[in-house]
Amino acid sequence: MSKKHPIVAVTGSSGAGTTTVKRAFEHIFYRDGITAAVVEGDSFHRYDRAAMKVAAASASAEGRNLSHFGPEANHFELLAGLFHSYGETGTGKKRYYIHSDTEAAEQNARLGTQLTAGQFTPWEDLPDSTDLLFYEGLHGLVVTEEDNVAAHVDLGVGVVPIVNLEWIQKIHRDNLERGYSAEAIVDTIMRRMPDYIRHITPQFSLTDINFQRVATVDTSNPFIARDIPTADESFVIIRFKEPEKLEVSFPYLLSMIKDSFMSRRNSMVVPGGKMGMAMEIILQPIIERMMDARRV
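For clarity, every value in this text was computed on a predicted model and none was experimentally measured. (Residues numbered from 1 in each chain as written. Predicted model: local features only at pLDDT ≥ 70, side-chain atom pairs only at ≥ 80, totals over all residues. Heavy atoms only, no water.)

**Notes on helix α4 (residues 101-111)**
Right, on to step 1. Residues A104, Q107 and N108 constitute the buried set of α4. All buried residues of α4 fall inside an arc of 100 degrees around its axis, so they share one side. Facing away from the buried side of α4 by more than 90 degrees, the exposed set consists of T102, E106 and A109.
Right, on to step 2. Positive phi appears at G112, one or two residues downstream of α4, with a value of about 70 degrees. (Buried < 20%, exposed > 50% of the residue type's maximum accessible area, 1.4 Å probe, protein only. Helix = DSSP H or I, 4+ residues; strand = E, 2+ residues; numbered from the N terminus. Arc of directions from axis to C-beta.)

**So, helix α3 (residues 76-89)**
In an α-helix, one turn spans 3.6 residues, which is why side chains three or four residues apart end up on the same side.
Right, on to step 1. A rise of 1.5 Å per residue sets the reference length of α3, with its 14 residues, at 20 Å; its end C-alpha atoms lie 20 Å apart and thus fit the reference within 8%.
Right, on to step 2. Where α3 is concerned, the buried positions are F76, L79, A80, L82, F83, Y86 and G87. For α3, the buried positions fall inside an angular range of 155 degrees around the axis, keeping them on one side.
Right, on to step 3. Its buried side turned inward, α3 meets β1 (7-11), β2 (36-40), β3 (93-94) and β5 (132-137).
Right, on to step 4. Just past α3, the residue G90 takes up positive phi, approximately 75 degrees. (Expected span 1.5 Å × (residues − 1). Contact = heavy atoms within 4.5 Å.)

**As for the environment of N65**
Right, on to step 1. Following the sequence through the fold, N65 ends up in the loop between α2 (49-61) and α3.
Right, on to step 2. On a C-alpha basis, the gap between N65 and R191 in space is 6.0 Å, while along the polypeptide they are 126 residues apart.

**With respect to the environment of N148**
Right, on to step 1. Along the chain, the position of N148 falls in the loop between β5 and β6 (155-159).
Right, on to step 2. Measuring from C-alpha to C-alpha, the distance between N148 and A56 comes to 25 Å, with 92 residues separating the pair along the chain.
Right, on to step 3. Ignoring sequence-local partners within four residues, the contact set of N148 consists of V142 and V143.
Right, on to step 4. Within the structure, the side chain of N148 is placed 3.3 Å from the backbone nitrogen of A150, a separation counted as a polar contact. (Polar contact = N/O pair within 3.5 Å; in protein donor to acceptor, adjacent residues only side chain to side chain.)

**Structural notes on the sheet that holds strand β7 (residues 209-215)**
Right, on to step 1. Read across the open sheet, the eight strands follow the order β2-β5-β1-β6-β7-β8-β10-β9; overall the sheet is mixed. Edge strands, defined here as strands with exactly one partner in the open sheet, are β2 and β9 (261-264). Along the sheet, successive strands turn relative to each other by an average axial angle of 20 degrees, direction set aside.
Right, on to step 2. Relative to β5, β1 is paired through five bridges, and the arrangement is parallel. Counterpart to T11 in the pairing with β5 is G137. (Pairing = 2+ DSSP bridges. Axes fitted to C-alpha atoms, helices over the stretch in contact; angles between N-to-C directions.)

**Some details on the side chain of N266**
Right, on to step 1. On the secondary structure map, N266 appears in the loop between β9 and β10 (267-271).
Right, on to step 2. According to the relative accessible area criterion, N266 is buried, its value standing at 17%.
Right, on to step 3. When residues no more than four places from it in sequence are discounted, the contact partners of N266 are I238, R239, F240, K241, P243 and F250.

**With respect to the pairing of β1**
Right, on to step 1. Within β1, five of the five residues are buried, which leaves it mostly tucked inside the rest of the structure.
Right, on to step 2. Because side chains alternate across β1, one face comprises the buried residues I7, A9 and T11, and the other comprises V8 and V10, equally buried.
Right, on to step 3. Sheet topology places β1 next to β6; four bridges connect them, and they run parallel. By the bridge assignment, T11 is partnered in β6 with G158.

**A few points about the packing of aromatic side chains**
Right, on to step 1. Summed over the entire model, instances satisfying the criterion amount to eight aromatic pairs.
Right, on to step 2. Ring geometry for F25 versus F29: centroids 5.8 Å apart, planes at 40 degrees, classification tilted. With F25 and F29 both in helix α1 (residues 18-32), this residue pair falls four residues apart, about one helical turn.
Right, on to step 3. A relative accessible area of 8% means that F29 is categorised as buried. (Phe/Tyr/Trp six-rings, centres within 6.5 Å; stacked < 30°, edge-to-face > 60°.)

**A few points about the nonpolar core**
Right, on to step 1. Within the largest apolar cluster, 35 residues are counted, with the highest numbers of intra-cluster contacts made by F25, L155, I209, I238, F240 and I287.
Right, on to step 2. Considering each element in turn, this core owes the most residues, ten residues, to helix α8 (residues 275-295).
Right, on to step 3. In this view, L155 contacts I7, V8, A9, F25, D208, L246, L283, I286, I287 and M290; residues no more than four positions away in its chain are not counted.
Right, on to step 4. Counting 19 residues, the second largest nonpolar core, distinct from the first, contains L82, V142, V149 and V153. (Core = buried A, V, L, I, M, F, W, Y, C linked by side-chain atoms within 4.5 Å.)

Next comes the structure, spelled out in structure tokens:
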């Protein structure tokens, strides 16, 4: 961990809603004039899209599971190395995983390359003189026998919908945005499950704050759900690992977020429609204290 070069990691599985948290942080950084080195978790995958299909098929033929959730398909050592380097010196290298044709066009224009969706850009140096490193992806606090990414994180935030809601979000996203069939999506969920249990779930015991969305409508069979429960059809449970360490004032938060309430001494519940606002109210003072500590 580093006061001079702090690292903020937002971790959550695909379709969990990490984008909402990322947007909240972007608003905080903009308001406070904070320059962040942004790192995307997908950029530390071991295989590009085409190579992953080949590797997954080979693993399946051998009776093994291979998924983006596990160490075999990722460079945990490079992620841990980046976090260590940034914490020590404020420097490091990153790259981009190109998700779409639009992103490919943007990166090709910037780099003078001819990359396509599903490929990686070359490694490049992080920008100079950044205030903090902001990571968003699958493995911000992952720990294995070989690599301990969590050891370098100053603020860890988990985004964890209940699992049926997470599956509904993934099924709809992969079907509508990526054109995958229902059968292919279910197969992916099943293939990823062992790695999800071993390498994704344990991270949420290491996070400083978890945001867990819980639907108030029936999600008992996520494979036949016709739509994703809306924000107003859910609550968000916010768990603070050590409220005292983060200087959390629950009376203040309860007064600022209408219809919120405490469910345990370290957990509060807010209406789903107020999740983004709650994130900004909770996270902004924490980030500001991190910035103040840099100047001491």
